[in-house]
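Breakdown of the fold
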Amino acid sequence: MNKITSEQIKNLFTLPLNELIFKAREIHKKNFEDGDVQLASLISIKTGSCPEDCKYCPQSAHYNVNLKKENLIDVSEVKEAAKLAKKNGANRFCMGAAWKKLRDGKDIDAVIEMIKEVKSLDLEACVTLGSITKDQAERLKDAGLDAYNHNIDTSPDYYKKIITTRTFDERLETIQNARQAGISVCSGGIIGMGESWNDRAEMLRVLANLEPQPESVPINALVPVEGTPLQNQKIVEPEEMIIMIATARIIMPKSRIRLSAGRKYLSSETQMLCLLSGANSIFYGDSLLTTKNNDMQRDKELIKQFKQINKSNSKELINKYLIIFTDKIASTVNY
Ligand code: SF4
């Protein structure tokens, strides 16, 4: 596979917005069933007191954030939450623990039990547990784990400004360990942390050049949380999210592109444009790890409406949504 360059990505960023969306839609339709949106529910299985210093994260022990900390929860609690997620229509169940790394012994044993419970409900199981070794990845795979989430967060350069307690290469190593054990990789990043468009292009370049490309790519918008160093960051503009989603779709045609954290800031029109631009997975449920998510009923309505519009395949309808963004993205993208 030819390597994707930053230049190619930046050329996509600067296309007129409607051109970019139509290009992404075409690629999306060749690779996925029309209107198929994965609903992933997320639960925090261990909250707060994390030794890492990720500047965006309320779970880091380095910052003074109003957060209810919780030790590893019981397997029965996970089972109940998974049952509810399934009843509400979710097809993937993700479990997140605020750990630097997964520890052998009772922690991994408990996580294995949780994975088995989720799998027994016929849900896809995904976990995010910090760094994992090859052996641990194999044990998780044997328990039935489908996917491991480990985001690269941002560009290799900007990463050093966001996290100092874990290197970018260590992240890639964990991704590699999951991959080698035969677990699907879920890896994406966050925009709105003060990075440039160059950094955004670099982040997408690294993801797109993983071999094979990640099966899932969450695109998050920063949710600035009081007490974290990024508490005063500006909320990302809707078109920034659309540009990232559409570009990710074009360069990673077979990956599930997930509209993730920060969705609560997006209007229904913007979310619709993200879906029309190739996002085909959302985090679904009342809350994410530590921040509020969108209302489930409204999500169901949004997806129903998306399926209708998508079926009609009408450029006019899509253009109707585009009217809300009158400017070309050249005014948004500043290198
Ligand atoms: S993002 Fe994950 S690793 Fe970083 S501080 Fe938060 S919980 Fe810890």
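Residues numbered from 1 in each chain as written. Predicted model: local features only at pLDDT ≥ 70, side-chain atom pairs only at ≥ 80, totals over all residues.

**Focus on the overall build of the protein**
Short version of the rule: Here a strand is any run of E in DSSP of at least two residues, a helix any run of H or I of at least four, and the numbering for each starts at the N terminus. As a reference, a globule follows 2.2 Å times the number of residues to the power 0.38, and the radius of gyration itself is taken over C-alpha atoms. Here a residue counts as buried when 20 or more other C-beta atoms sit within 10 Å of its C-beta, as exposed when there are 12 or fewer, and as partly exposed otherwise, the C-beta atoms being derived from the backbone. Once C-beta atoms have been placed from the backbone, residue pairs whose C-beta atoms lie within 7 Å are recorded as contacts.
The secondary structure content of the protein amounts to twelve helices and nine strands. Compactness check: the protein gives a C-alpha radius of gyration of 19 Å against a globular reference of 20 Å for 335 residues, within 12% of the reference. Overall size of the protein, expressed as C-alpha extent along the three principal axes, is 55 × 45 × 40 Å. For the protein, the residues scored as buried account for 47% of the 335 residues in total. For the protein, the proportion of contacts with a sequence separation of at least 24, taken over those separated by at least 6, is 80%.

**As for the nonpolar core**
The condition that has to hold: To define a nonpolar core, we join buried Ala, Val, Leu, Ile, Met, Phe, Trp, Tyr and Cys residues through C-beta atoms within 7 Å and take the resulting set.
In terms of nonpolar packing, the biggest core is built from 94 residues, with V127, I245 and A248 touching the most fellow members. For this core, the element with the most residues is helix 9 (residues 238-251), which contributes nine residues. Aside from chain neighbours lying at most four places away, what touches A248 is L204, V217, I219 and I257.

**Section: the environment of M114**
As for its placement among the helices and strands, M114 is situated in helix 4 (residues 106-120). For the pair M114 and D104, spaced ten residues apart in the sequence, the C-alpha separation amounts to 15 Å. If we ignore the near neighbours within four places in the chain, the residues touching M114 are I45, V75, V78 and M95.

**Here's the deal with the environment of K46**
Locating K46 in the fold gives a position in strand 1 (residues 38-46). We classify K46 as buried; it has 21 C-beta atoms within 10 Å. Residues K46 and G96, 50 residues apart in the sequence, show an inter-C-alpha distance of 7.1 Å.

**Things to note about the site of the ligand**
We count it as follows: For each residue, a C-beta atom is placed from the backbone, and the residue counts as near a molecule or strand when that atom lies within 6 Å of it. Ten residues, namely Ala, Val, Leu, Ile, Met, Phe, Trp, Tyr, Cys and Pro, are considered nonpolar, four, namely Asp, Glu, Lys and Arg, are considered charged, and the remaining ones, Gly among them, are considered polar.
Near the ligand, the surroundings consist of C50, E52, C54, C57, Q59, S60, A98 and G130. Of the residues that constitute the shell around the ligand, the class distribution is four nonpolar, three polar and one charged.

**Brief notes about helix 3 (residues 75-87)**
The following threshold applies: Expected helix span is computed as 1.5 Å times (number of residues minus one). To obtain the arc, one takes the directions from the helix axis to the C-beta atoms.
Between the first and last C-alpha of helix 3 there are 18 Å, a value that for 13 residues agrees with the 18 Å anticipated at 1.5 Å per step. Buried within helix 3 we find V78, A81, A82 and A85. Along the long axis of helix 3, the arc covered by the buried residues comes to 100°, so they all point the same way. Facing away from the buried side of helix 3 by more than 90 degrees, the exposed set consists of S76 and K87. The secondary structure elements touched by the buried residues of helix 3 are strand 1, strand 2 (92-97) and helix 4.

**Overview of the pairing of strand 1**
Keep this limit in mind: Strands pair, by our definition, only if DSSP identifies at least two bridges between them.
Bridge count between strand 1 and strand 9 (residues 279-283): three bridges; the pairing is parallel. Paired with Q38 across the two strands is S281, which belongs to strand 9. Where strand 1 lies against strand 2, six bridges are found, and the strand directions are parallel. Within strand 2, the residue paired with A40 across the bridge is R92.

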